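Coordinates in review
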Amino acid sequence: MYHQPVLKNRRTLLERAEKFISDVYFTDCNLRGRLYGESYPLESLSQFMSPKRITLMEAQTQSFTPYNVGDTFGPTWWTCWFKATLNIPECWRGKEVHVLWESDGEAMVWRDGQAVQGLTKEGEKTSYILSDCLTDEEPHSVTIYVEMACNGLFGAGNGSMIAPPDPNRKFSVQKAELVIFNREVRELMTDFEMLIDIVKELGEGEQRSYQALFTVNEMVNVSDPTDPSSFSGARSLAQNFFSQHNGQSQHTVHAMGHCHIDSAWLWPYEETIRKCARSWVTVIHLMKKNPDFVFTCSQAQQFEWVKCWYPGLFSEIQQYIKAGRFIPVGGTWVEMDGNLPSGESMVRQFLEGQLFFEQEFGMRCKEFWLPDTFGYSAQLPQIMQGCGISNFLTQKLSWNLVNTFPHNTFFWEGLDGSKVLTHFPPGDSYETKGKVEDLVKTVKQNKDRGRANHSVMLFGFGDGGGGPTQLMLDRLKRVQDTDGLPKIRMSSPDSFFSELWADSHLLCTWAGELFLELHNGTYTTQAQIKRGNRQCETLLHDIEIASSLALCQDTHFQYPVGRLRELWRLLLLNQFHDVIPGSCIEMVVEDALRYYEDIRRSGAALLQDSLSALVSKGDATSVFNSLSWERLEVIQIQDGPSNEFALVRVPSIGVNFIQETKPATAVCVTVQEDGSVLMENGIIRTVVKKDGTMASLHLISANREALSVGCCGNQFVMFDDVPLYWDAWDVMDYHLQTRRPVVEVVQPAHVLSSHELRGSVSFTLRISDKSTVTQEIVMDAMCPYIKFNTQVNWAESHKFLKVEFPVQVHSPNATYEIQFGHLQRPTHRNTSWDWARFEVWGHKWADLSEHNFGVALLNDCKYGYSVFKNTMALSLLRAPKAPDANADMGSHHFTYAIMPHAGTLQDAGVIQCSYNLNYPLRLTPSSSDMALWSAFSISPAAVILETVKQAEGRKGALLVRMYEAYGGGVTATLHTTLPIKEAWHCDLLEQTDTTQPACDSADGIILHFTPFQLRSLLLIF
């Protein structure tokens, strides 16, 4: 063919090629218009609506009615089952035949009783392949069922993706027909697409871009869309371009199929089960056609769902896992939040996940996989290492609002010094589409050029599921070794990290937490979920300890292994990174709160059973302490008069009966002339003003005033809280400019109790015309902190409630509890990195100290803090309206406490006091001759015994877990009165190190700890 020479104008040639495959322009004469050949209507199409998610067998028994394409159905969250009868024309012999199905919901195709294909327009899956090449032997008359969820890939947001779901949305099927699919057109279109993208992505400065431009222009010249015989010439031109290879130094991209599925987010848990099936059955189909395709998949919970609901699919997955192509990753039960779960919860995420993967697939994960979580605790490296994991992949810090994280491949050093090899895919995504743009970004955005020449690219639709498509695989095959682009290797995480380890000597190290400079509203949103998490973590802790002691004390006691595993898994599920942060729709919140209630109800019965086995029965009352130090506390006797209190002394991890104990100094509560109330207990003295604020907080032993001169503590403050977009997720720094104190008094401070063991003062403030706060300020005898039992009736919109304590402490850093330890963050805003920490997370306490004096702020269910200069603030409630329009509306109950102290926070017992606030002493009926009894104690106080439980799979063994809490090396002694025969060191998965028997002595087991080290022992009895 002869072509008249023309001016090679870049814009016109590029746009010519784009129009040649456009699905909008010139489809009557371009290549895209030839993608489908003849079409043929379905023989019949009928429907059945169900408000519930039912099985295929149930659906097949229902009465179906005729359906016309275009008719609407719904509402949101219902399921529409379709029955389609198909008759393929005989004349289509030798053709590739598809069912073309376009709808605005997510669908699953069922054939011959099996799930065979997921369909979703948003995930570019709109056809089901009936035959790759129709033969006479294949059935020409086929019946399929299509299970269509009345929700999209991202739920059903009303007006925007994260808006609350529209409960009355209607859905429809826009196309349902048989079509001939022209595979040769699709292949040529992919060639065109990749070349066009090379032109655009490499840009005018690259010679290779112009080579691609001239190649694609010549392809248009030789292609006749009406003549398929012309396609081979065009494809040959493309192949000549793609086959020009790279040099040996080119960057290597390790491509891995991926399908990030949020276990709940803009859809409920139940819909996620179907999302997994729709996505994974499509992956299996792709694996059958693409022998090099490798797919990575996290979250043991999702595997367990598919095992229960889709056993046939699960069996196929097991086979591909065995072949090393469907690769479980992460090692955790779910992709949990990286900030809010307790240390023990994080250990259990790995324990439950790794045990599941080992039991079902005979393998354990070697990499932690958490691409979409809102920050990463500094204790995660130690926890990973303790679970046999040395590699970590995420990408979320690419979302930082203020500072750009300086690395993509590096060593991450945790709080205790543990290191893991960490990779952030430079493409800044866990759901690329295998396009040239993704490959070019991976190379250009690699911040460790010269140190690391390998990167990961995860491809496949994600968040709402969907996963990879055949088109994505075809794109990557085209350019797997093409000059101008990185080399592409279909790879596994193990292969990728092996490459990094082999050349890791130049990698940098990042020490400390990986703080996400965004989404810091998630420390506070959905307060009831936060409260449920903390309370259930506490309850399960106590059940396990009481059951372990009962196991050793009572030969008839059965440790509740199965039920505890069920309750733990419910708790771990709710720690998913869109549930515990509160960034989910109202349906998910309702599910989560119901799960917490299930844990509370079942847990209360288990706890009572174990306590009953610990003590002899009778009409008296004993007190159980689950913590590893002696406690002297005031309790309210529940079966006595409402104001009957007792000061009890209970040994560490043990039981004592209630006996009269007199305080060294009685609590004194005095109403002063100006209406304020003076409270003191010999340790602290405070003055509560009529509006509930504290005019003074005095540490008596140090003769030191804790509150700033001229300022009041316990000051409630409101802020406007309107983020840029992510409503439930974000609080922006500019909210600090809208501070307004809550000052309107409804009921002034008045004395509720003036008992010698407990004094309390109550007051009520009006927050607005919609909301009020009522508080009881409690001072107990012998207690170094003051509690604030708080009830808020909350009906705000885009407001943020905090409580402030301006204190007489000057320090450049505040200290915050995290999992198994604590860390410091700046109280100033010298740099952009400091400024970005205007709202931070912590667990049970935060402390601001100078030499020899400090103030600690404790809480029983809050996670958001702000300490700027000398003002300590605890974040209490938010009021976002998306994706849950009713987030946090209603009544809230919580407790926080203020604790001035001399010396360091460690010497003052701040850590132990925060535990005391969160882990109540438990009352249980017993005989009056019940003797004081302690099962475990540990010294010095720097080491905390965190967990006692039955060892996994071993009835005659206990697992005890301890950590160094003060931040210094120490030698500790663990003493037990239980009949222990042997003690062995083990890892967090409870694998015994047979080379390390514990060092036993006459005083107990001797243990050496480095700062913030976590250690576990197996005790054989």
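Parameters and conventions
Residues numbered from 1 in each chain as written. Predicted model: local features only at pLDDT ≥ 70, side-chain atom pairs only at ≥ 80, totals over all residues. Heavy atoms only, no water. Helix = DSSP H or I, 4+ residues; strand = E, 2+ residues; numbered from the N terminus. Rg over C-alpha atoms; globule rule 2.2 N^0.38 Å. Buried < 20%, exposed > 50% of the residue type's maximum accessible area, 1.4 Å probe, protein only. Contact = heavy atoms within 4.5 Å. Lys, Arg positive; Asp, Glu negative; His and termini not counted. Charge placed at Lys NZ, Arg CZ, Asp CG, Glu CD. Pairing = 2+ DSSP bridges. 1 Å grid on protein atoms, 1.4 Å probe; cavity = no way out; pocket = protein on both sides within 12 Å on 5 of 7 lines; lining within 4 Å. Points joined across faces, edges and corners; volume = space filled by probe spheres on them. Nonpolar A, V, L, I, M, F, W, Y, C, P; charged D, E, K, R; others polar. Axes fitted to C-alpha atoms, helices over the stretch in contact; angles between N-to-C directions. Parallel < 35°, antiparallel > 145°, perpendicular 65-115°, else oblique. Salt bridge = Lys/Arg side-chain N within 4 Å of Asp/Glu carboxyl O. Expected span 1.5 Å × (residues − 1). Arc of directions from axis to C-beta. Core = buried A, V, L, I, M, F, W, Y, C linked by side-chain atoms within 4.5 Å. Phe/Tyr/Trp six-rings, centres within 6.5 Å; stacked < 30°, edge-to-face > 60°.

It is worth spelling out the overall build of the protein at this point. Within the protein one finds 19 helices and 56 strands. For the protein, the C-alpha radius of gyration of 32 Å lies close to 31 Å, the compact-globule estimate for 1021 residues. The dimensions of the protein, computed from C-alpha atoms along their principal axes, are 105 × 60 × 60 Å. Burial statistics for the protein: of 1021 residues in total, 62% are counted as buried. Taking all contacts inside the protein whose residues are at least 6 apart in sequence as the whole, residues at least 24 apart take part in 74%. Side-chain charges in the protein split into 88 positive and 118 negative, and the spacing between the mean points of these groups amounts to 2 Å.

One open sheet holds the six strands; their spatial order is 32-31-37-44-43-40, and the pairing between them is antiparallel. Of all the strands in the sheet, the pair left with one neighbour each is strand 32 (740-741) and strand 40 (840-841). Relative to strand 43 (residues 864-868), strand 40 runs antiparallel, the two sharing two bridges. Bridging from a neighbouring strand, valine 840 pairs with tyrosine 865 of strand 43.

Summed over the entire model, instances satisfying the criterion amount to seven cavities of 30 Å³ or more. If you add up the space inside the largest cavity, you get close to 180 Å³. Together, 20 residues line the largest cavity, and Ser342, Gly343, His843, Lys844 and Glu946 are the ones closest to its centre. For the lining of the largest cavity, the secondary-structure elements that each account for two or more residues are helix 9 (343-361), helix 14 (527-553), strand 38 (813-818) and helix 19 (910-918). Top contributing element to the lining of the largest cavity by residue count: helix 14, with three residues. Grouping the amino acids of the lining of the largest cavity by side-chain chemistry returns seven nonpolar, seven polar and six charged. Of the voids in this model, the second largest cavity is the one considered here, and its volume is about 90 Å³. Taken together, 13 residues form the lining of the second largest cavity, with Glu344, Glu537, His541, Trp568 and Glu946 sitting closest to its centre. Mapped by element, the contributors of at least two residues to the lining of the second largest cavity are helix 9, helix 14 and strand 49 (943-950). Partitioning the lining of the second largest cavity into residue classes produces five nonpolar, three polar and five charged.

The next point concerns the packing of helix 6 (residues 269-289) against helix 7 (residues 300-309). Viewed as axis vectors pointing N to C, helix 6 and helix 7 meet at an angle of 85 degrees, and their least axial separation amounts to 9 Å. As judged from the angle between their axes, helix 6 and helix 7 are roughly perpendicular. Mapping the contact onto sequence places Tyr269, Thr272, Ile273, Cys276, Ala277 and Trp280 in helix 6 and Gln302, Phe303, Trp305, Val306 and Trp309 in helix 7.

Tracing the sequence through the fold places serine 345 in helix 9. Judged by its relative accessible area of 0%, serine 345 falls in the buried class. Once you skip the residues sitting within four places of it in the chain, serine 345 turns out to touch Glu537, Trp568, Leu571, Leu572 and Gln575.

Moving on: the sheet that holds strand 46 (residues 922-926). With antiparallel pairing, four strands are arranged side by side in an open sheet as 46-22-25-47. The sheet is open, and its two borders are formed by strand 46 and strand 47 (933-934), each paired with just one other strand. The sheet contacts of helix 16 (residues 586-614) involve strand 22 (620-625), strand 25 (654-657), strand 46 and strand 47, and relative to strand 46 the element is tilted by about 50 degrees.

This part covers the pattern of salt bridges. Across all of its chains, the model carries 56 salt bridges by this definition. With a shortest N-O distance of 2.9 Å, lysine 288 and glutamate 316 are connected by a salt bridge. Placement of lysine 288 in helix 6 and of glutamate 316 in helix 8 (residues 311-322) is noted, with a sequence separation of 28 residues between them. Of the charged contacts, one joins glutamate 817 and lysine 844 as a salt bridge, the two residues approaching to 2.9 Å between their closest N and O atoms. Pair noted here: glutamate 817 is in strand 38 and lysine 844 is in the loop between strand 40 and strand 41 (845-850), with a separation of 27 residues, a long-range link. Here glutamate 817 matches lysine 844 in class, with each residue buried. The structure contains a network of salt bridges with shared partners spanning Arg53, Glu106, Glu147, Glu270, Glu271, Arg274, Lys275 and Arg278.

Another aspect to go through is helix 8. Compared with an ideal rise of 1.5 Å per residue, which puts 12 residues at 16 Å, helix 8 spans 17 Å between its outermost C-alpha atoms and is within 8% of the ideal. Here helix 8 has its buried residues at Leu313, Phe314, Ile317, Tyr320 and Ile321. All buried residues of helix 8 fall inside an arc of 120 degrees around its axis, so they share one side. In helix 8, the exposed positions that point more than 90 degrees away from the buried face belong to Pro311 and Lys322.

A word on the nonpolar core. Counting residues in hydrophobic clusters, the biggest one holds 267 residues, and the most contacted among them are Trp280, Phe303, Phe326 and Phe936. Looking at which element gives the most residues to this core, the answer is helix 14, with 12 residues. Other than its neighbours up to four places away in sequence, phenylalanine 326 contacts Trp280, Val283, Ile284, Met287, Phe295, Cys297, Phe303, Ile317, Tyr320 and Ile321. Membership of the second largest hydrophobic core comes to 29 residues, among which are Ala84, Val146, Val173 and Ala176.

Let us now look at helix 6. Here helix 6 spans 31 Å end to end across 21 residues, near enough to the 30 Å set by a 1.5 Å rise per residue. Across the 21 residues of helix 6, 17 count as buried, placing the element largely inside the fold.

Let us now look at the packing of aromatic side chains. Per the stated rule, a full pass over the model turns up 51 aromatic pairs. Ring geometry for tryptophan 265 and tryptophan 267: centres 5.8 Å apart, planes at 75 degrees, overall edge-to-face. Like tryptophan 265, the residue tryptophan 267 is buried in the burial classification. On the basis of an interplanar angle of 55 degrees and a centroid distance of 4.6 Å, the ring pair of phenylalanine 405 and tryptophan 510 is categorised as tilted. Here phenylalanine 405 is found in the loop between strand 16 (391-393) and strand 17 (409-413), whereas its partner tryptophan 510 is found in strand 21 (residues 509-511), with 105 residues between them in sequence. A network of ring pairs unites the aromatic residues Trp280, Phe293, Phe295, Phe303, Phe314, Phe326, Trp333, Phe356, Phe357, Phe361 and Phe459 as a single cluster.

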